[in-house]
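Residue-level structure breakdown
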Amino acid sequence: MSETGKSQLIRRNQLREECVKAFYSLIRAARIHQANNQLIVQTAKEFVRTVVELSKDAGDVSIQFMGRRIYVQEKKLIFRPETVTLFDGIIDYFDKRAVQGIRLRPTIKDAKGVDLLAFIRLLNDAEKQDRPREWLLAQATPDKHPWVELLQEAYGADAMEEGDRKNRGLRSYAHVMESVQEIARKLTARQSTGLNRARRVLQNMVDLIMEDEPLFRALSTIRFYDDYTFGHSVNVGILSMCLGKRIMLSKKSLETLGLCGLLHDLGKIEAPKNILNKPGKLTDEEFEVMKRHSMDSVRLIVKIQASRDRKNDILLAPFEHHLKYDLSGYPKTDRSSALSLFGRILAIADVYDAITSPRVYRKSVLPPNRALGFMWEGVGKDFDPILLKIFINMLGVYPVGTLLVLDTRKAGLVVEPPEDAEGPLEWARPWIVLLKRDSGNGHRKFVKGETINLAEKDPKTGHYRHTIVKSLNAANYGIQPIDFIR
Ligand SMILES: [Fe+2]
Ligand SMILES: [Fe+2]
């Protein structure tokens, strides 16, 4: 690229950043100042200038976020130490209003200052509404503000393209994870925190799970190597909600169940780090300390600012999650009544995610199919038999994310359960994506190869084309299955 080309590119990137900066200043200034205030007038001018400038060769200017990234005119802005607070601020701002962003038209240059400010005020006020996006859409109509459009997430399955489907899932995952991190952070800092954000992002996740449960089962294989507790909490929430969907729980109950999953290990934020992250086996005393976390989760949930009813709904399951079906486990109890339904669901999702996740002290873990086999040994004693059966049925013989080695010495990742399987032989023959060693020097060790159906037979011999030799846990090889799933 020529020098002028390069400098133009740098200039445009700067301009995109300036546009976001001006937008952020404007929303903040509008909170405290009147329309005729000098600061407001200046920031509004600056904002309009950047939009008009950017629109010169690209038409409309969109500002939106995806995951933890900001995009202006569909170009990702680079995170720099100086822009972290700004970008995080914008992401949280849109997120709290349940919109993806805004699209501005070049006609903004003709908008009156008061109209522009009126729109910014609507955006600001939306935070206080129960359903901010719906409220905004009703208020900020095109006839009043023709130069701007709210970018909302379209949840309809037919509006989704494949790549979009995964991004939407990943975004929902990130939002849910952030909501539990925020609760934990605030409780640690002894600040007040509520459940509204977590509930809102879970509502969204429940909607998506209703449409596309397989995607969320795949997302639940995401492993965080340095932030185990929160990734685990999200995965337990997802697996619990998927299981809850299988037993026909209502959307409202799924949301509550998801919240139980999200908060079940909250008490671990109070556990001493040296015990929590200890490589190697815990001593009896250390294990006694760790055992306190389910009771601590309950104590911390009580501290959250929410109505008593709402909290009552989510106290029992976190308390019970280490109690077994036969009431052994901890915290020790002399009750004879059975565990709650949510407690029994959490116990299954919790153990499954824990034993398939690599940890500091246990680098090598069971492949998902062997983990299910191991859990089955505890059926009726550790786990509710009916729920465990449904759980195993849901994940399949080789759950998505299992790494399979074939007789040809090729390895593939399970990406989809078998199609129309008619008997046990076919249940064990899912679709896989072959993994090829990456010859480039990228950070990934593998790239996607051919997709094959293990149920496929050779028409000449009538035999299956491929034989599975063994199964492995993808996480042991640093593979995130979701990277290979469409
Ligand atoms: Fe736990
Ligand atoms: Fe757990």
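Residues numbered from 1 in each chain as written. Chains lettered and ligands numbered in written order. Predicted model: local features only at pLDDT ≥ 70, side-chain atom pairs only at ≥ 80, totals over all residues. Heavy atoms only, no water.

What follows deals with the pattern of salt bridges. Evaluation of the coordinates by the stated rule reveals 33 salt bridges. Put simply, Arg-49 and Glu-46 hold a salt bridge, and the shortest N to O gap is 3.1 Å. You can see Arg-49 and its partner Glu-46 sitting in helix H2 (residues 38-58), 3 residues apart, about one turn around the helix. Residue class for Glu-46 comes out partly exposed when judged on its relative accessible area of 29%. For the salt bridge of Arg-465 with Glu-456, the shortest nitrogen-to-oxygen distance reads 3.0 Å. Relative accessible area serves as the criterion here: at 42%, Arg-465 is assigned to the partly exposed category. What emerges from the salt-bridge pattern is a single network uniting Asp-92, Asp-95, Glu-178, Glu-182, Lys-186 and Arg-197. (Salt bridge = Lys/Arg side-chain N within 4 Å of Asp/Glu carboxyl O. Helix = DSSP H or I, 4+ residues; strand = E, 2+ residues; numbered from the N terminus. Buried < 20%, exposed > 50% of the residue type's maximum accessible area, 1.4 Å probe, protein only.)

Glancing now at helix H17 (residues 368-376). Regarding H17, the residues found buried are Pro-368, Asn-369, Ala-371, Leu-372 and Met-375. The buried residues of H17 all sit within an arc of 160° when viewed along its axis, so they share a single face. Looking at the buried side of H17, the elements it contacts are helix H16 (341-356), helix H18 (385-395), strand S6 (402-406) and strand S10 (468-473). (Arc of directions from axis to C-beta. Contact = heavy atoms within 4.5 Å.)

Bringing the nonpolar core into the picture now. Counting residues in hydrophobic clusters, the biggest one holds 65 residues, and the most contacted among them are Ile-183, Phe-216, Leu-262, Leu-263, Leu-266, Tyr-352 and Phe-391. A total of 8 residues in this core trace back to one element, the largest contributor, which is helix H9 (residues 228-246). Split by domain, this core shows at least three residues from each of two domains, domain 2 (158-395) and domain 3 (402-484). Among all residues touching Leu-262, those that are not within four sequence positions of it are Val-176, Ser-179, Val-180, Ala-198, Leu-202, Ser-233 and Val-234. (Core = buried A, V, L, I, M, F, W, Y, C linked by side-chain atoms within 4.5 Å. Domains from an automatic or database assignment.)

The next thing to look at is the coordination of the iron ion (ligand 1). The protein atoms donating to the iron ion (ligand 1) are Asp-265 (OD), His-293 (NE2), His-321 (NE2) and His-322 (NE2), with metal-donor distances spanning 2.2 Å. For the iron ion (ligand 1), the 4 donor atoms in the first shell make angles of 83 to 168° at the metal, a pattern classed as irregular. In this structure, the iron ion (ligand 1) is positioned 3.3 Å from the iron ion (ligand 2), and both are ligated by Asp-265. (Donors = N, O, S within 2.8 Å, 3.2 Å for Na, K, Ca; no water. Tetrahedral: all angles 85-135°; square planar, octahedral: opposite > 155°, others 65-115°.)

Another aspect to go through is the domain arrangement of the chain. Interfaces are often described in size by the accessible area the parts lose on coming together. Structurally, the chain comprises domain 1 (3-152), domain 2 (158-395) and domain 3 (402-484). Look at where the C-alpha atoms of domain 2 and domain 3 centre, and you get two points 28 Å apart. Each partner contributes residues to the interface: domain 2 has 19 residues there, and domain 3 has 11 residues. Here domain 2 meets domain 3 over a buried area of about 1,100 Å², counting both sides, of which 51% is carbon and sulfur. (Buried area = accessible area lost by both parts, 1.4 Å probe.)

Next up on the list: the environment of Lys-324. As for its placement among the helices and strands, Lys-324 is situated in the loop between helix H15 (316-320) and H16. Considered as a pair, Lys-324 and Arg-344 are 20 residues apart in the sequence and their alpha carbons are 7.9 Å apart. Leave out the neighbours within four places in its chain, and Lys-324 touches Gly-329, Leu-339, Lys-381 and Asp-382.

This next bit is on the packing of aromatic side chains. Within this structure, the stated rule accounts for 8 aromatic pairs. Here Tyr-93 and Phe-94 contribute two aromatic rings whose centre-to-centre distance is 6.2 Å and whose plane-to-plane angle is 65°, an arrangement assigned as edge-to-face. With respect to burial, Tyr-93 and Phe-94 carry one shared label: buried. Between Tyr-352 and Phe-391, the ring centres sit 5.5 Å apart and the planes meet at 75°, which makes this aromatic pair edge-to-face. One end of the pair, Tyr-352, is in helix H16; the other, Phe-391, is in helix H18, with 39 residues separating them in the sequence. Both residues of the pair, Tyr-352 and Phe-391, belong to the buried class. Its end group placed over the ring of Tyr-93, Arg-97 keeps NZ or CZ at 3.6 Å from the ring centre. Positioned over the ring face of Tyr-464 is Lys-457, at 5.0 Å from the centre of the ring. (Phe/Tyr/Trp six-rings, centres within 6.5 Å; stacked < 30°, edge-to-face > 60°. Lys NZ or Arg CZ within 6 Å of the ring centre and 35° of its normal.)

The strand order across the open sheet formed by 5 strands is S3-S2-S1-S4-S5, and the pairing between neighbours is antiparallel. Two strands lie at the open edges of the sheet, namely strand S3 (75-76) and strand S5 (148-151), each paired on one side alone. The pairing of strand S2 (residues 69-72) with S3 spans 2 bridges and is antiparallel. When the bridges of S3 are listed, Val-72 appears paired with Lys-75. Here H2 sits on the sheet in contact with strand S1 (61-66), S2 and strand S4 (101-104), set at roughly 100° to S1. (Pairing = 2+ DSSP bridges. Axes fitted to C-alpha atoms, helices over the stretch in contact; angles between N-to-C directions.)

Our next topic: the pairing of S2. The pairing of S1 with S2 spans 4 bridges and is antiparallel. Across the sheet, Gln-64 pairs through a bridge with Tyr-71, a residue of S2. Turn length for the S2-S3 hairpin, with the two strands adjacent in sequence and antiparallel, is 2 residues, and the turn residue Gln-73 shows positive phi of about 50°.

It is worth spelling out the packing of helix H7 (residues 196-211) against H9 at this point. Between H7 and H9, whose axes approach to 11 Å, the crossing angle comes to 50°. Put simply, H7 runs oblique to H9. Where H7 crosses over H9, the two elements pack in a sense that is right-handed. Note on element contacts: H9 touches H7 through Ile-238, Met-241, Cys-242 and Lys-245, opposite Leu-202, Met-205, Val-206, Ile-209 and Met-210. (Parallel < 35°, antiparallel > 145°, perpendicular 65-115°, else oblique. Left-handed = near helix turned anticlockwise from the far one by under 90°.)

Here we take up the coordination of the iron ion (ligand 2). Taken together, the protein ligands of the iron ion (ligand 2) are His-232 (NE2), His-264 (NE2), Asp-265 (OD) and Asp-350 (OD), with distances of 2.1 to 2.3 Å. Its 4 donor atoms give the iron ion (ligand 2) angles of 79 to 173° at the centre, a pattern that matches the irregular case. Of note, the donors binding the iron ion (ligand 2) are all from one chain and are spaced H-x31-H-D-x84-D.

Let us now look at the packing of helix H10 (residues 251-263) against H16. Orientation of H10 relative to H16, taken along the N-to-C sense of each, is 55°, at an axis distance of 10 Å. Viewed along their axes, H10 and H16 adopt a mutual orientation that is oblique. At the point where H10 passes H16, the crossing takes the right-handed sense. Facing H10, whose interface residues are Ser-253, Thr-256, Leu-257, Cys-260 and Gly-261, H16 presents Phe-342, Ile-345 and Leu-346. Classifying every residue of the contact of H10 with H16 gives 5 nonpolar, 3 polar and no charged. (Nonpolar A, V, L, I, M, F, W, Y, C, P; charged D, E, K, R; others polar.)

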